[in-house]
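As a plain string of letters, each chain reads:
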Amino acid sequence: MEPPGGTALVEESIIEALDFRRAMRKVDDEWGKDWWFKVWGPRSSPPRASASATTGCCSANEKWHGFGDLAPGFNMLDPIKATVITPGLDVSGKFAKTGIPASIVTKYLAEHGVIVEKTGLYSFFIMFTIGITKGRWNTLVTALQQFKDDYDKNQPLWKILPEFCAQQPQLRARGPARPVPADPRHVQGATTSRA
C-alpha cells in the first residue's frame, strides 16, 4: 500500500494482532493451571513500538511450531494472521485425555457474532485485516471467556447454541453440553455428540 497512509494502516493491523496475542497470553496467565486457548506462535512478542519489525523467523527445533530443523531465516511468520489452538491436541500430534474440537468453538463464536476465517480440528484461524480494532478483537476474547465459562458450567447445548439446536431438534433434549470422553477418540465423540 502506498505510504504514508498505507504503511500506517498495515502497521496498525500488525499492532492490533500483537496486542491480541498479548491479551490471550495474559488471560492464560490469569487462569493459571486451568485450561485456556493458546495462540500458535512464540511465547514472547516484540515490543509494541516495533510493529514494522514484527515479521519473525521461526528458529529450528522450537517446540511451539514442531517443524524440526529449519534453515536459518527461511520461515517467516505473518504477524496479521493468528491461529488459536483449542485444548485436545498438541503440536506433536498427541491427544489429551479430553478436548474441545475447534468446530464447536467456532459454531459458538458464530452464534455470538464472531466469524473466523478457517477452522481445523483443534485450531481456528483469524486475520487482522485493516479495520480490525481493539474493540473487535476484544469481542473475540470476551466470547472465548464466555465459552470457557459455559463449558466449565456444563451448560445445555440449547442454551449456548440456540440457533444450531433449533436446526437439530434431537440436541435440545440432550442435557449437558459437554461430553466427557477420556481417550484420543474424543475427536469423533465430541464432534458427533456436541455439534
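See the structure above.
Overview of the structure. (Residues numbered from 1 in each chain as written. Predicted model: local features only at pLDDT ≥ 70, side-chain atom pairs only at ≥ 80, totals over all residues. Heavy atoms only, no water.)

**Details of the side chain of Thr-106**
- Here Thr-106 shows up in helix H2 (residues 102–111).
- Beyond its immediate chain neighbours, meaning those up to four positions away, Thr-106 contacts Val-116, Thr-119 and Phe-124. (Helix = DSSP H or I, 4+ residues; strand = E, 2+ residues; numbered from the N terminus. Contact = heavy atoms within 4.5 Å.)

**Some words on the packing of H2 against helix H3 (residues 134–152)**
- Closest axis-to-axis distance for the H2/H3 pair is 10 Å, and the angle between their directions is 120°. For H2 against H3, the interelement crossing comes out right-handed. Contact with H2, carried on its side by Ile-104, Val-105, Tyr-108 and Leu-109, involves Leu-140, Ala-143, Leu-144, Gln-146, Phe-147 and Asp-150 of H3 and no other residues of that element.
- A per-class count over the contact of H2 with H3 returns eight nonpolar, one polar and one charged. (Axes fitted to C-alpha atoms, helices over the stretch in contact; angles between N-to-C directions. Left-handed = near helix turned anticlockwise from the far one by under 90°. Nonpolar A, V, L, I, M, F, W, Y, C, P; charged D, E, K, R; others polar.)

**Section: the pattern of salt bridges**
- This structure, assessed with the given rule, holds six salt bridges.
- Salt-bridge contacts for Asp-152 lead to Lys-148; the nearest nitrogen and oxygen are separated by 2.6 Å. On the criterion of helical spacing, the pair formed by Asp-152 and Lys-148 is a turn pair, its members being four residues apart in helix H3.
- Relative accessible area serves as the criterion here: at 36%, Asp-152 is assigned to the partly exposed category.
- We note a salt bridge from Asp-149 to Lys-153, for which the minimum N-O separation is 3.3 Å.
- Exposure remark for Lys-153: the relative accessible area of 54% places this residue in the exposed category.
- A single salt-bridge network, built from bridges that share partners, covers Asp-34, Lys-148 and Asp-152. (Salt bridge = Lys/Arg side-chain N within 4 Å of Asp/Glu carboxyl O. Buried < 20%, exposed > 50% of the residue type's maximum accessible area, 1.4 Å probe, protein only.)

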